[in-house]
Amino acid sequence: MVRRYVRALTKTYYEQLAVLRYRLSKCLVKQKGNMAPLIGRVVSTAMQKTVVVRVDRIFKHKRLGTFLKRRKKYMAHDEVEACNFGDTVKLKECRPLSKRKRWVVEEILRKAE
């Protein structure tokens, strides 16, 4: 009788341990930050120390197999105001600087002609 009780306890212990490991792995996956840098084109420089960058991405549709193009605009911080309209820039994620600014211009990859 005692052995059954001990086995039942150890089994539930290992089950609980497995559940905790699973939850911990999910928490680690959901953490935000350290995202891959984005590469996009500057579409607006109307604000002070802020640029609007359009990032294009192309992906394959799961069912149709066709390639789709999606665009998203990000507001990024440009401390030295070196970016101009049409420049290709690399963005790095940072802490929230304002309501919509969470990116910083890391480098200018190509100047507009």
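In case you missed it, the structure is sitting above this.
Nothing here was measured: the structure is a model prediction, and the numbers come from that model.

Engineer: Would you explain the sheet that holds strand β5 (residues 101-110) in this entry?
Structural biologist: Two orientations exist for strands paired in a sheet by backbone hydrogen bonds: parallel and antiparallel. Sheet architecture is closed into a barrel: five strands sit in the order β1-β2-β3-β5-β4, paired in mixed fashion. Across the sheet, the axes of successive neighbouring strands diverge by a mean angle of 50°, strand direction being ignored. Two elements, strand β2 (residues 50-60) and strand β3 (residues 67-77), share eleven bridges in a ladder whose sense is antiparallel. Within β3, the residue paired with Asp56 across the bridge is Arg71.

Engineer: Looking at this model, I keep getting lost on the nonpolar core. Mind explaining?
Structural biologist: Nonpolar side chains tend to gather and get buried jointly when the protein is soluble and globular. Membership of the largest hydrophobic core is limited to twelve residues, which are Leu38, Val42, Val51, Val53, Val55, Tyr74, Ala76, Cys83, Val89, Leu91, Trp103 and Val105. Secondary-structure elements contributing two or more residues to this core are β1 (38-47), β2, β3, β4 (88-93) and β5. Take this core: its biggest share by element is three residues, from β2. Filtering out sequence-adjacent residues up to four positions away, Val53 remains in contact with Gly40, Arg41, Val42, Lys72, Lys73, Tyr74, Val89 and Leu91.

Engineer: Help me understand the pattern of salt bridges, please; the structure alone is not making it clear to me.
Structural biologist: When the charged atoms of two side chains lie near each other, side chains of opposite charge can form a pair. Counted according to the given criterion, the structure contains five salt bridges. Notably, a salt bridge pairs Asp87 with Lys111, separated by 3.7 Å at the nearest N-O pair. One end of the pair, Asp87, is in the loop between β3 and β4; the other, Lys111, is in the segment after β5, and 24 residues separate them in sequence. A relative accessible area of 45% places Lys111 in the partly exposed class. Residues joined in a network through salt bridges with shared partners are Arg54, Asp56 and Arg71.

Calculation rules
Residues numbered from 1 in each chain as written. Predicted model: local features only at pLDDT ≥ 70, side-chain atom pairs only at ≥ 80, totals over all residues. Heavy atoms only, no water. Pairing = 2+ DSSP bridges. Helix = DSSP H or I, 4+ residues; strand = E, 2+ residues; numbered from the N terminus. Axes fitted to C-alpha atoms, helices over the stretch in contact; angles between N-to-C directions. Core = buried A, V, L, I, M, F, W, Y, C linked by side-chain atoms within 4.5 Å. Buried < 20%, exposed > 50% of the residue type's maximum accessible area, 1.4 Å probe, protein only. Contact = heavy atoms within 4.5 Å. Salt bridge = Lys/Arg side-chain N within 4 Å of Asp/Glu carboxyl O.

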